[in-house]
Amino acid sequence: MVNASSETDAPDRRERPRAGAEHAPALGSARLNPFGDLVTLQHLTARAARSLKSVFEGVLRRDLRSWAEPLVVQRWADYRTERGEGLSAWQPLAMSPGKAQALLVLEGRSVLEMLDAFFGGDGEAPSMLPDEFTPAAQSMVGRIGHAVADPLAAAWEPVSRIEFAPVAGAAIATAPDLGGDTAMVVTRLGFAADDAAPFYIDLLYPVAGLKPHAPQLTAKVQAQDCAVEPEWRNGLTRAVMAVSLPVRSVLAEPQLRLGQLLELKVGDVIPIEFGPEVPVMVAARRLGTGQVGTSNGRAAVRLTSIEPISQEDLA
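Values in this document were obtained by computation on a predicted structure and should not be read as measured data.

Novice: Which residues make up the overall build of the protein, and what values do they have?
Specialist: When helices and strands are tallied, the protein shows 9 helices and 11 strands. Across the 315 residues in the protein, those meeting the buried criterion constitute 36%. Long-range pairs, those at least 24 residues apart, make up 63% of the contacts in the protein with a sequence separation of at least 6. Summed over all atoms, the accessible surface of the protein reaches about 19600 Å², with 54% contributed by carbon and sulfur.

Novice: Give a detailed account of the packing of helix α3 (residues 108–118) against helix α4 (residues 135–156), specifying residues and quantitative values.
Specialist: The interhelical angle for the contact between α3 and α4, taken along N-to-C directions, is 95°, at an axis separation of 10 Å. When the axis of α3 is compared with that of α4, the two are roughly perpendicular. For the pair α3 and α4, contact is made by V111, L112, M114, L115 and F118 and by A136, A137, M140, V141, R143 and I144, respectively.

Novice: Mind laying out the packing of aromatic side chains, listing which residues take part and the relevant values?
Specialist: Applying the stated criterion across every chain, the model contains 9 aromatic pairs. For the ring pair F118 and F119, a centre distance of 5.3 Å and an interplane angle of 90° mean the geometry is edge-to-face. Residue classification places F118 among the partly exposed positions, given a relative accessible area of 36%. Within the aromatic cluster, the residues linked to one another by ring pairs are F56, F191 and F199.

Novice: Go over the pattern of salt bridges with me, naming the residues and quoting the values.
Specialist: Note on pairing: side chains with opposite charge can pair once their charged atoms come close. Scanning the model with the defined rule gives 11 salt bridges in all. Linking K53 and E57 is a salt bridge whose minimum nitrogen-to-oxygen distance equals 3.1 Å. A residue pair is termed a helical-turn pair when its members lie 3 or 4 positions apart in one helix, as K53 and E57 do in helix α1 (residues 39–60) at 4 residues. Its relative accessible area of 23% is what places K53 among the partly exposed residues. Salt-bridge contacts for D78 lead to R75; the nearest nitrogen and oxygen are separated by 3.0 Å. Several salt bridges share partner residues, and in doing so they unite E82, R83, R188 and D202 into one network.

Novice: So what's going on with the environment of T187? Which residues, and what values?
Specialist: Residue position: T187 is located in strand β6 (residues 183–192). Relative accessible area serves as the criterion here: at 1%, T187 is assigned to the buried category. Taking C-alpha positions, T187 is 8.0 Å from Q42, a pair spaced 145 residues apart along the chain. In this structure, T187 is in contact with T45, L71, I201, D202, L203 and Y205, ignoring residues within four places of it in sequence. Within polar-contact distance, the side chain of T187 engages the backbone oxygen of L203 at 2.7 Å.

Novice: I'd like a rundown of the sheet that holds strand β8 (residues 247–249), residues and numbers included.
Specialist: The 4 strands are arranged β8-β9-β10-β11 in an open sheet whose pairing can be described as antiparallel. The open sheet has two free edges, formed respectively by β8 and β11 (298–306), since each of these has just one partner strand. The mean angle between the axes of side-by-side strands here comes to 40°, regardless of whether they run parallel or antiparallel. Of the strand pairs in this sheet, strand β9 (residues 278–282) and strand β10 (residues 285–295) are connected by 5 bridges, and their pairing is antiparallel. Paired with V280 across the two strands is G288, which belongs to β10.

Novice: Talk me through the nonpolar core; I want residue IDs and the actual numbers.
Specialist: Grouped burial of nonpolar side chains is what soluble globular proteins tend to show. In terms of nonpolar packing, the biggest core is built from 54 residues, with W156, F164 and Y205 touching the most fellow members. Sorting the residues of this core by element identifies α1, β3 (88–96), β4 (101–107), α3, α4, β6, β7 (199–206) and α5 (207–210) as the ones contributing at least two each. Looking at which element gives the most residues to this core, the answer is α4, with 10 residues. With residues near it in sequence (within four places) discarded, W156 still touches L41, L44, I162, F164, Y205, L210 and L217. One finds V72, W76, M184 and L204 within the second-largest nonpolar core, a separate group that totals 9 residues.

Novice: Can you tell me about the environment of E253, naming the residues and giving the values?
Specialist: Mapped onto the secondary structure, E253 falls in the loop between β8 and α8 (258–263). In the structure, E253 is positioned 21 residues away from F274 in sequence and 9.0 Å away in space, judged by C-alpha atoms.

Novice: Run through α1, naming residues and quoting values.
Specialist: Across its 22 residues, α1 extends 31 Å between first and last C-alpha, which sits within 8% of the 32 Å expected from 1.5 Å per residue. Taken as a whole, α1 carries its principal kink of about 30° at L52. R61 sits one or two residues past α1 and shows a positive phi near 60°.

Each value, and the rule that gives it
- Residues numbered from 1 in each chain as written.
- Predicted model: local features only at pLDDT ≥ 70, side-chain atom pairs only at ≥ 80, totals over all residues.
- Heavy atoms only, no water.
- Helix = DSSP H or I, 4+ residues; strand = E, 2+ residues; numbered from the N terminus.
- Buried < 20%, exposed > 50% of the residue type's maximum accessible area, 1.4 Å probe, protein only.
- Contact = heavy atoms within 4.5 Å.
- Areas by Shrake-Rupley, 256 points an atom, 1.4 Å probe, with all protein chains shown as cover.
- Axes fitted to C-alpha atoms, helices over the stretch in contact; angles between N-to-C directions.
- Parallel < 35°, antiparallel > 145°, perpendicular 65-115°, else oblique.
- Phe/Tyr/Trp six-rings, centres within 6.5 Å; stacked < 30°, edge-to-face > 60°.
- Salt bridge = Lys/Arg side-chain N within 4 Å of Asp/Glu carboxyl O.
- Polar contact = N/O pair within 3.5 Å; in protein donor to acceptor, adjacent residues only side chain to side chain.
- Pairing = 2+ DSSP bridges.
- Core = buried A, V, L, I, M, F, W, Y, C linked by side-chain atoms within 4.5 Å.
- Expected span 1.5 Å × (residues − 1).
- Bend = angle between axes of the 7 residues up to and from the residue.

The following block contains the structure:
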């Protein structure tokens, strides 16, 4: 649900007791969020979570469920303080057209679990995390950066065409120096297997980098009541009611072995049996049941029951 807590039942889901996307109050400072409630971006984040699920399923070799946490807008310094000094990977993603860069942030433990699973392990990280990433772990972060680029662009496509690409040569073991007052839109995506604790990735977008897309992010769909012209409606109804559908009744469906079928010749009799009621079909759907008899000297079926018709049957 947009701007609500996530639907996952994981008891150790990360809580985010921060100001919502409307604004982050700071006396004497410019408003961080010029976009309003950012409902559109929240929907895009949910799409991204579903798209990126397959990326991490391929690395971890297990089925995952995914969700999007409520997004927030906050100063870069506040985000860095909240995240702490634990081992994290910081992969910049170039956004084109333009010169803005998003930021993919991965927890160090998650990176090491993916690395272990990638090389055939059970996806376990050391109980004591190292102080820095090995070259293999850094390579894994780069691989993930490349893997998420296309699904992320596809998630954005309904609103704006943005291409993402990992920035080559970036120092992923160190958080970039963006300036403490830089306003960032922080989106958090959660993933979890049934038998494991969830892990999270953060996708950060600079507010300045999203301003060229402000019209699309702030656009709202206006509901309009369109009056249907009665003459057109009546004409359409008459046309639909004139459509012909085949009606048939299935008396019996005998079965023959292939050997018997090949031995059949003119004059052979195939015995059939049917009960007092037979199914009556309209096109490929069952209309009801009926009794076989005669009417005005012709074979006929009297309907004894009719199946209820739902709206889905007419779609």
